[in-house]
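Listed below, chain by chain, are the residues.
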Amino acid sequence: MLVGRLGARGIAVTGVTKAVLGDGLVAGALLRAGVSALGDSRIENLERLRRAGSRTTLVLLRGPMRSQVDRVVATADISCNTELAVIEALDAAARARHTVHRIVVMVELGDLREGVLAAGLEPLVRSILRLSAVELVGIGTNLACRSGVVPDATNMAELSALVAATERITGRRLAVVSGGNSANLDWALGTGDVGRIDDLRLGESILLGREPLRREPITGLDTGACTIVAEVIESKRKPTLAWGQLAQSAFGAAGAAVDRGVGVQTIVALGRQDVDPDGLTAPEGVEIVAASSDHLVLVGEGPLPIGTELRFQPDYSALLRAATSPFVEHAQVAGPLPS
Ligand SMILES: *Cc1c(COP(=O)(O)O)cnc(C)c1O
């Protein structure tokens with residue numbers, strides 16, 4: 001859906017796999033849907049994709065660690081960069097491999113995460129031009145991640161202007177102008193003029209069907225494609241108020257509990273080591289009241305039979321952590337899950 005709608009506006013999609021740890025089956029689904037490249041922040045995930053047999057263009061989204069430049073050059077076709085010291089190290093690593101490594105320079109447009117300030121772009125580009133084994137193929141920006149800065153006509157026009165300025169220095173057309181992440185969709189699908197932007201790096205919107213600025217569902221997309229299933233290990237009638245003298249709990253101060261008399265308390269085998277509990281939506285009939293390393297405490301219906309599987313809807317943060325936990329089994333199903 002997104003590949004089609006953005007394609008009509010001249011924008012290709014880099015499918016971002018970090019929230020599923022570079023999962024090969026998800027990557028395959030993205031490629032069948034027509035993404036032009038796969039992107040991930042972690043070299044380990046790109047290596048996993050390469051090992052799974054992907055021959056597509058792999059883009060490293062986070063600025064490479066200088067200690068990993070050999071691995072980056074070996075596996076990533078393109079990396080996003082902001083530091084000359086790292087770019088020089090990539091150049092040396094690429095020369096050693098008798099190859100040329102392609103780079104995108106990320107520009108800071110106000111969100112205050114990664115990026116060179118506009119004023120620093122020209123000197124950096126001139127330094128890159130002196131290197132023989134890195135090729136500057138594009139520029140990009142990232143908004144709405146750290147500070148929530150909204151991609152709009154102003155900052156996107158600034159990116160297009162920086163493309164023109166860069167091309168005046170290099171004398172060559174930039175092949176990649178990466179406008180941002182899922183937060184750019186409102187702008188990209190609404191604007192009358194995309195300028196020079198020809199790529200977006202999309203993760204959350206594809207996996208969860210929501211745009212991240214207001215977390216509204218995107219028309220036509222499925223918001224239930226990812227589910228976290230947890231098993232009931234205890235379910236009993238208990239008072240809702242703890243007793244005894246109270247101090248800190250395992251994760252700091254315990255929130256003030258509300259006395260709701262005796263109710264049903266259910267524990268599922270899921271904890272902070274597996275998910276971000278604040279990013280879970282509980283199924284109908286139960287409410288999440290607490291989480292420790294390994295226990296998610298719910299109140300509501302029941303007692304539920306031991307072994308019951310409860311299905312939770314993750315947000316991006318919960319999905320990321322679930323994908324990373326070795327205790328969460330990952331399963332792909334072709335069709336909608338039975339409810
Ligand atoms: C994670 C990431 C993305 C994807 O962001 P979504 O909001 O999931 O679409 C894009 N670009 C960079 C640099 C990222 O780190």
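Rules used throughout
- Residues numbered from 1 in each chain as written.
- Predicted model: local features only at pLDDT ≥ 70, side-chain atom pairs only at ≥ 80, totals over all residues.
- Heavy atoms only, no water.
- Helix = DSSP H or I, 4+ residues; strand = E, 2+ residues; numbered from the N terminus.
- Buried < 20%, exposed > 50% of the residue type's maximum accessible area, 1.4 Å probe, protein only.
- Near = heavy atom within 4 Å.
- Polar contact = N/O pair within 3.5 Å; in protein donor to acceptor, adjacent residues only side chain to side chain.
- Areas by Shrake-Rupley, 256 points an atom, 1.4 Å probe, with all protein chains shown as cover.
- Nonpolar A, V, L, I, M, F, W, Y, C, P; charged D, E, K, R; others polar.
- Pairing = 2+ DSSP bridges.
- Contact = heavy atoms within 4.5 Å.
- Axes fitted to C-alpha atoms, helices over the stretch in contact; angles between N-to-C directions.

**A few points about unusual backbone geometry**
Omega for the peptide link from G302 to P303 comes to 0 degrees, which places this bond in the cis form. One non-glycine residue, L21, lies in positive phi territory at about 60 degrees. Tracing the sequence through the fold places L21 in the loop between β1 (12-16) and α2 (24-32). Of note in the backbone geometry, A144 takes a positive phi value of approximately 65 degrees without being a glycine. Taking the relative accessible area as the measure of exposure, A144 reaches 24% and is therefore partly exposed.

**Looking at the site of the ligand**
Every one of the 14 residues lining the ligand counts as a neighbour, but K18, S182, R201, G203 and E204 are closest to it. In this structure, K18 approaches the ligand through a side-chain N or O atom, which is 2.7 Å from an oxygen atom. At 3.4 Å from an oxygen atom of the ligand is found a side-chain nitrogen or oxygen belonging to R113. Across the complex, the protein chains shield 94% of the 390 Å² of accessible surface that the ligand would expose by itself. Residues belonging to the shell around the ligand are distributed by class as follows: 4 nonpolar, 5 polar and 5 charged.

**Some words on the sheet that holds strand β14 (residues 309-314)**
Pairing is antiparallel across the open sheet formed by 6 strands, whose spatial order is β11-β14-β9-β10-β13-β12. Looking at strand neighbours, the two that pair on one side only are β11 (280-281) and β12 (286-291), the edges of this open sheet. As paired strands, strand β9 (residues 228-239) and β14 are joined by 4 bridges and run antiparallel to one another. Note on β14: the bridge partner recorded for V229 is R311. Sheet strands in contact with helix α10 (residues 316-324) are β9, β11 and β14, and its direction is about 120 degrees off that of β14.

**Some points on the pairing of strand β8 (residues 199-202)**
Here β8 shows two buried faces, one formed by D199 and R201 and the other by L200 and L202. Both β1 and β8 contribute to a ladder of 4 bridges, which runs parallel. Directly across from V13, in β8, lies its bridge partner L200.

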